[in-house]
Amino acid sequence: MTKVLFVVSECAPFIKTGGLADVAGALPLALSAFDCDVRVLLPGYPAVIAQLSKTKVVKTYEDLFGGPAKLRRWKYAGLNLFIIDAPHLYDRDGGIYGDVTGQDWADNPERFAALSYVGASIASDGAGDWTPDILHGHDWQAGLTPEYLQSAGTDVPFVFTVHNIAFHGNTSADRMNALHLDATRFDADHFEFWGQISALKSALMGADKITTVSRTYAEELLTPEFGIGMDGVLRHRKADLSGIVNGIDEAAWNPATDPNIKPYKTAAGKAANKQALQKTFGLATSDGPLCVLVSRLTEQKGIDLLLEALPELLRHRGQLALLGSGEPKLEVALLEAAASHENIAVKIGYDEALSHQMIAGGDAILVPSRFEPCGLTQLYGLRYGTLPLVALTGGLADTVINASPAALASKVATGIQFFPVNGQALTNAFTRLCDFYSQPAVWKAMQRNAMKQAVGWDASAAEYSAIYSSLMKAPS
């Protein structure tokens, strides 16, 4: 049995802002099939603390970056968790990373240094009767873990997964003492990055193995365009870098049992869900495909490209139902587009149940991202027979089989990819989408292919398990 501690800032179903939480909630369960005992270390945000029951305090800290803290053990929804109960760090209104206005918390460096520090202390001293064989950190919030392991003289291996390289967790060097860092290690080989402390740099330099969430993204990260300043570091660590594509929770996302929709086992069952979705969004029936998009509304997600290309979809009597929130200018532009055209409907915000209804009722799901480390919505689309139209980047390139002439002839196509990632290429992709939709035999064949794709965690969990095994010390 390999004992693994996930060090992570969010975990579904307890607290979630994005795909990181989905991974943290689903991968531990999948790893159990590979003889891994995974525990998840999670900050005690108010939403998490409110859910706690029957916890056991397994560790206390007199002064955890500014105040006392308790480490609580909790088991729920099949997951074993350690919760950092530290009100001075986590008990506040607003989001988990920022206040109600979206401004980052000023003490985020300390808040997530605490997460890394507690992870290292569990590796060093255990938590109750449990001590991990492996630490597995996720994104910059777990990035200082190697420094605290080194300070404690603990040689437990550290695996680090990059979910999104865009966030570095940088802060001023004058915070060295506040973060309990060894100033002699403030150099290019450890956590110094252009004169600042970088949690991400610490992890990339200190990890025994580095993974990211798709093979293509692992290759992209080695380039200046996608590495966002860390490409040189990653080229230095290339031998220890691998890409392992994310999976989805196949129990939560199963069209045959989904309580949010009218269940179906074949794509023929989508018709009733399409009608229901059109009613929900106030869309009339139409001859073209109903496209859905569930996303943060940012330029990274290609929302500006969507606005540029939408006239082509509408020209073919296609429809768009969109759910999301983000940059105000994009929200306004989308609402204006919906107000001016009967075949566009937009809901600002997020609704989990509605997202299931959209993926079940849509004909196609759009992911026009400029970069996408893995992406999960295209996997949901495959599972539900909702054909992905995606940019050729990151995990989108790895999980969708483009409807090229060869793929169609071989009967393996599962969606449409476009490149380069610009408005004209997306316009052309809408033309292709509508053309395929007008050919029922072709469309139905692609839907069948999509619904047969493996989108769960089994294969990826096996790869993570192999990495853990490679780092385990041989018995002396």
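Residues numbered from 1 in each chain as written. Predicted model: local features only at pLDDT ≥ 70, side-chain atom pairs only at ≥ 80, totals over all residues. Heavy atoms only, no water.

A. Region of interest: the overall build of the protein. From N to C terminus, the protein includes 19 helices and 18 strands. The C-alpha atoms of the protein give a radius of gyration of 23 Å, which matches the 23 Å a tight globule of 476 residues would have. By principal-axis analysis of the C-alpha atoms, the protein measures approximately 65 × 45 × 45 Å. Buried positions account for 58% of the 476 residues belonging to the protein. Looking at the protein alone, contacts between residues at least 24 apart form 70% of all its contacts between residues at least 6 apart. (Helix = DSSP H or I, 4+ residues; strand = E, 2+ residues; numbered from the N terminus. Rg over C-alpha atoms; globule rule 2.2 N^0.38 Å. Buried < 20%, exposed > 50% of the residue type's maximum accessible area, 1.4 Å probe, protein only. Contact = heavy atoms within 4.5 Å.)

B. Region of the structure containing the sheet that holds strand S1 (residues 2–7). Ordered in space as S3-S4-S5-S2-S1-S6-S7-S11-S12, the 9 strands form an open sheet in which the pairing is mixed. Among the strands making up the open sheet, the edge pair consists of strand S3 (56–61) and strand S12 (241–243). Neighbour-to-neighbour, the strand axes of this sheet turn through a mean angle of 25°, independent of strand direction. Inspection of the sheet shows strand S2 (residues 36–43) paired to strand S5 (residues 79–85) by 5 bridges, in the parallel sense. Within S5, the residue paired with Pro-43 across the bridge is Ile-84. Packing against the sheet, helix H1 (residues 19–31) makes contact with S1, S2, S5 and strand S6 (134–138), and its axis sits at approximately 155° to S2. Along the sheet, helix H6 (residues 199–206) contacts strand S7 (158–162) and strand S11 (209–212); its crossing angle with S7, the most-contacted strand, is approximately 130°. (Pairing = 2+ DSSP bridges. Axes fitted to C-alpha atoms, helices over the stretch in contact; angles between N-to-C directions.)

C. Looking closely at the pairing of strand S13 (residues 290–297). For S13, the tally of buried residues reaches 7 of 8 residues, placing the bulk of the element in the interior. A crossover connection joins S13 to the parallel strand S14 (residues 319–326) through helix H11 (residues 303–315); in handedness this β-α-β unit is right-handed. As paired elements, S13 and strand S16 (residues 364–367) share 2 bridges and run parallel to each other. What sits directly across from Cys-291, in S16, is Ala-364. (Right-handed = clockwise from strand over helix to strand, strands pointing away.)

D. Expanded view of the nonpolar core. Counting 90 residues, the largest nonpolar core has Leu-41, Leu-64, Leu-71 and Leu-204 as the members making the most contacts within it. Tallying contributions element by element places helix H4 (residues 108–125) first for this core, with 8 residues. For Leu-71, the residues in contact, after removing those within four places along its chain, are Leu-41, Lys-56, Val-57, Val-58, Lys-59, Tyr-61, Phe-82, Ile-83, Ile-84, Val-118, Ile-122 and Ala-127. By size, the runner-up hydrophobic cluster in this structure holds 66 residues, among which are Leu-277, Leu-283, Ile-303 and Leu-389. (Core = buried A, V, L, I, M, F, W, Y, C linked by side-chain atoms within 4.5 Å.)

E. The arrangement of the pairing of strand S17 (residues 387–391) in detail. Of all 5 residues in S17, 5 are buried; the element is thus mostly enclosed. Inspection of the sheet shows S16 paired to S17 by 4 bridges, in the parallel sense. Residue pairing in the sheet places Ile-365 in a bridge with Pro-388 of S17. Running through helix H14 (residues 377–384), the crossover from S16 to the neighbouring parallel element S17 is right-handed. Direction of pairing for S17 relative to strand S18 (residues 416–418): parallel, over a ladder of 3 bridges. Among the inter-strand pairings, Leu-389 is bridged to a residue of S18, identified as Ile-416.

F. Here's a closer look at the pattern of salt bridges. Inspection of every chain in the model, using the stated rule, returns 18 salt bridges. A salt bridge links Asp-22 to Lys-16; its shortest N-O distance comes to 3.1 Å. In this structure, Glu-463 engages Arg-215 in a salt bridge whose closest nitrogen and oxygen atoms are separated by 3.2 Å. Of this pair, Glu-463 sits in helix H19 (residues 458–471) while Arg-215 sits in helix H7 (residues 215–220), and the two are 248 residues apart along the sequence. (Salt bridge = Lys/Arg side-chain N within 4 Å of Asp/Glu carboxyl O.)

G. Structural detail: unusual backbone geometry. Omega for the peptide link from Ala-12 to Pro-13 comes to 10°, which places this bond in the cis form. Tracing the backbone shows Pro-13 in the loop between S1 and H1. The amide bond that connects Phe-419 to the next residue, Pro-420, takes the cis arrangement and shows omega of -5°. The residue Pro-420 is located in the loop between S18 and helix H17 (423–437) in this model. With a phi angle near 50°, Trp-194 is a residue other than glycine that sits in the positive phi range. Along the polypeptide, Trp-194 turns up in the loop between strand S9 (192–193) and strand S10 (196–198). Judged by relative accessible area, Trp-194 falls into the exposed class, the value being 77%. Here Lys-411, not a glycine, exhibits a phi torsion of approximately 60°, which is positive.

H. Local environment of the packing of H11 against helix H12 (residues 328–340). The interhelical angle for the contact between H11 and H12, taken along N-to-C directions, is 20°, at an axis separation of 10 Å. For the element pair H11 / H12, the angle class is roughly parallel. Helix-helix and strand crossings are classified by hand; for H11 and H12 the assignment is left-handed. Facing H11, whose interface residues are Ile-303, Asp-304 and Leu-307, H12 presents Leu-330, Ala-333, Leu-334 and Ala-337. (Parallel < 35°, antiparallel > 145°, perpendicular 65-115°, else oblique. Left-handed = near helix turned anticlockwise from the far one by under 90°.)

I. Inspection of the packing of aromatic side chains at higher detail. Going through the model one piece at a time under the given rule, you end up with 16 aromatic pairs. Ring centres of Tyr-437 and Trp-443 lie 5.1 Å apart, and the angle between their planes is 85°; on these two criteria the pair is classed as edge-to-face. Overall, the relative accessible area of 5% leaves Trp-443 in the buried class. Members of the aromatic cluster, each reached through a chain of ring pairs, are Trp-253, Tyr-264, Tyr-380 and Tyr-384. Positioned above the aromatic ring of Trp-105 is the side chain of Arg-92, whose terminal nitrogen or guanidinium carbon lies 4.9 Å from the ring centre. (Phe/Tyr/Trp six-rings, centres within 6.5 Å; stacked < 30°, edge-to-face > 60°. Lys NZ or Arg CZ within 6 Å of the ring centre and 35° of its normal.)

J. Fine view of the sheet that holds S13. Strand order in the open sheet made by the 6 strands is S15-S14-S13-S16-S17-S18, with parallel pairing throughout. The open sheet has two edge strands, strand S15 (344–348) and S18, and neither has a second partner. Looking at each pair of strands side by side, their axes are set apart by 20° on average, direction ignored.

K. The arrangement of a positive patch on the surface in detail. A surface patch of like charges, here positive, comprises Lys-411, Lys-444, Arg-448 and Lys-452. One can find Lys-452 in helix H18 (residues 440–452). Residue Lys-452 is classed as exposed on the basis of its relative accessible area, which comes to 65%. (Patch = residues over 30% accessible without salt bridge, like charges linked within 9 Å, V, L, I, M, F, W, Y side chains within 5 Å. Areas by Shrake-Rupley, 256 points an atom, 1.4 Å probe, with all protein chains shown as cover. Lys, Arg positive; Asp, Glu negative; His and termini not counted. Charge placed at Lys NZ, Arg CZ, Asp CG, Glu CD.)

L. Looking closely at the environment of Glu-336. Looking at where Glu-336 falls in the secondary structure, it is placed in helix H12. Between the C-alpha atoms of Glu-336 and Lys-201, which are 135 residues apart in sequence, the distance is 42 Å.

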